[in-house]
Amino acid sequence: MYKYLRINRPNQLTIDSIAKKLDLNIYYGKFSLRFGHDLVIQKSTKQQEWQVFGHEVGHFLRHCGNHYTMNRLFIDLQEYQANHFAYHFCVPTFMLQKTESLAVYDIMSLFNVEHDFAVRRLEMYQNKLYEEEMNHVLSKIQNEIWTS
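Residues numbered from 1 in each chain as written. Predicted model: local features only at pLDDT ≥ 70, side-chain atom pairs only at ≥ 80, totals over all residues. Heavy atoms only, no water.

Undergrad: Hey, could you go over the packing of helix α5 (residues 104-111) against helix α6 (residues 115-147) for me, with residue numbers and the actual values?
TA: Angle between the axes and distance between the axes: these two values describe a pair of packed helices. Here α5 crosses α6 at 110°, and the two axes come no closer than 9 Å. Taken together, the axes of α5 and α6 lie roughly perpendicular to each other. Relative to α6, α5 is oriented so that their crossing is right-handed. Between α5 and α6, the contacting residues are V104, Y105, I107 and M108 on the first element and H115, A118, V119 and L122 on the second. Here the contact of α5 with α6 is composed, by residue class, of seven nonpolar, one polar and no charged. (Axes fitted to C-alpha atoms, helices over the stretch in contact; angles between N-to-C directions. Helix = DSSP H or I, 4+ residues; strand = E, 2+ residues; numbered from the N terminus. Parallel < 35°, antiparallel > 145°, perpendicular 65-115°, else oblique. Left-handed = near helix turned anticlockwise from the far one by under 90°. Contact = heavy atoms within 4.5 Å. Nonpolar A, V, L, I, M, F, W, Y, C, P; charged D, E, K, R; others polar.)

Undergrad: Provide a residue-level description of the nonpolar core, including the pertinent values.
TA: Most often, soluble globular proteins keep nonpolar side chains buried together rather than apart. Counting residues in hydrophobic clusters, the biggest one holds 34 residues, and the most contacted among them are I18, W50, F53, F89 and V113. Mapped by element, the contributors of at least two residues to this core are α1 (15-21), β3 (38-42), α2 (46-62), α3 (72-90), α4 (93-96), α5 and α6. Among residues more than four places away in sequence, those in contact with W50 are Y2, L13, T14, I15, I18, F89, C90, F111, N112 and V113. (Core = buried A, V, L, I, M, F, W, Y, C linked by side-chain atoms within 4.5 Å. Buried < 20%, exposed > 50% of the residue type's maximum accessible area, 1.4 Å probe, protein only.)

Undergrad: Give a detailed account of the packing of aromatic side chains, specifying residues and quantitative values.
TA: Throughout the structure, instances matching the rule amount to six aromatic pairs. For the ring pair Y2 and F89, a centre distance of 5.3 Å and an interplane angle of 35° mean the geometry is tilted. Highlighted residues: Y2 in the segment before α1 and F89 in helix α3, separated in sequence by 87 residues. Each member of the pair Y2 and F89 is classed as buried. Feature note: the residues Y2, W50, F53, F85 and F89 constitute an aromatic cluster, connected by ring pairs. Seen from the ring of Y28, K43 lies directly overhead, with NZ or CZ sitting 4.9 Å from the centre. (Phe/Tyr/Trp six-rings, centres within 6.5 Å; stacked < 30°, edge-to-face > 60°. Lys NZ or Arg CZ within 6 Å of the ring centre and 35° of its normal.)

Undergrad: Any chance you could break down the environment of H37 for me, citing the residues and the numbers?
TA: Note on placement: H37 falls in the loop between β2 (33-35) and β3. Separated by eleven residues in the primary sequence, H37 and I26 have C-alpha atoms spaced 8.6 Å apart. Filtering out sequence-adjacent residues up to four positions away, H37 remains in contact with L22, D23, L24, N25 and F60. Here D23 takes part through its backbone oxygen, which lies 2.8 Å from a polar atom of the side chain of H37. (Polar contact = N/O pair within 3.5 Å; in protein donor to acceptor, adjacent residues only side chain to side chain.)

By themselves, these figures tell us nothing about what the structure is for.
This is the structure:
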């Protein structure tokens, strides 16, 4: 999505610029929600607002329906998906791959996220790298077994 929007650097990750490109209207209030192309973001720190924006964009891009009429399990699934989306939206993998320092405080500063968010996103990224390496090793072992 970011490549389509021509966003390729962390300094381009702003609520206003992305909202404009996605044709979203941003409002600030006492709570956060999405209704069509309108996103209400709870007024807070810039980091928290960016993270909530990522969550609500996740709902905008992936979900439809009215939470008041949905089964609780389906609501929980959508919330989980929007939370997961926010980590990748706020700290994109392709930008992390270009980052020289993968220290938590550098991620916080570069991507404008809170400490706990940066810690979790870094864990997700490192787990992905570990999983890819393990798949490569297992594939190599499997090839050796089949060719022996």
